[in-house]
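# Report on the structure
Spelled out, the chains give:
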Amino acid sequence: MHTYSRLREFADSWMLLALTIVFICVILWAFRPGSRKTHDAVASAIFRNDTRPAGDAAETEQL
């Protein structure tokens, strides 16, 4: 039971602080200046080379 109490105390104090700092860093990294171009490119990547409608699976699988 003593180990559980120590781990619980660690999780309630230092681990909570560490995970909060990681969360803030991830948010700041995602919204950093200059990242809009990258995010727009990734968001539109699914539409790249989209020149014609998709056909049936049988039409696209040619051996």
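The preceding data block contains the structure.
We now turn to the structure provided with this report. As the structure is a computational prediction, the values presented were derived from the model and not from experiment.

Within the chain, the regular secondary structure consists of 3 helices and 0 strands. For the chain, the α and β elements follow one another from N to C terminus as α-α-α. A buried classification covers 2% of the 63 residues belonging to the chain. When the accessible surface of the chain is totalled, it reaches about 6500 Å², and 65% of it is carbon and sulfur.

So, about the pattern of salt bridges. Inspection of every chain in the model, using the stated rule, returns 2 salt bridges. D12 is paired through a salt bridge with R8; the nearest N and O atoms lie 3.1 Å apart. Highlighted residues: D12 and R8, both in helix α1 (residues 2–30), separated by 4 residues, approximately one helical turn. Residue D12 is classed as partly exposed on the basis of its relative accessible area, which comes to 46%. R8 gets classed as partly exposed once you look at its relative accessible area, which sits at 45%. Here R36 makes a salt bridge to D40, at a shortest N to O gap of 3.9 Å. Of this pair, R36 and D40 both sit in helix α2 (residues 36–43), 4 residues apart, roughly one helical turn. Since its relative accessible area comes to 65%, R36 is described here as exposed.

A few words on a nonpolar patch on the surface. A cluster of nonpolar residues, F10, W14, M15, L17, L19 and I21, forms a patch on the protein surface that exposes about 620 Å² of accessible area. Summarising the element assignment, W14 is placed in helix α1. Judged by relative accessible area, which is 58%, W14 ranks as exposed.

The residue S35 is located in the loop between α1 and α2 in this model. For S35, a relative accessible area of 4% gives the class buried.

About the thresholds
Residues numbered from 1 in each chain as written. Predicted model: local features only at pLDDT ≥ 70, side-chain atom pairs only at ≥ 80, totals over all residues. Heavy atoms only, no water. Helix = DSSP H or I, 4+ residues; strand = E, 2+ residues; numbered from the N terminus. Buried < 20%, exposed > 50% of the residue type's maximum accessible area, 1.4 Å probe, protein only. Areas by Shrake-Rupley, 256 points an atom, 1.4 Å probe, with all protein chains shown as cover. Salt bridge = Lys/Arg side-chain N within 4 Å of Asp/Glu carboxyl O. Patch = residues over 30% accessible without salt bridge, like charges linked within 9 Å, V, L, I, M, F, W, Y side chains within 5 Å.

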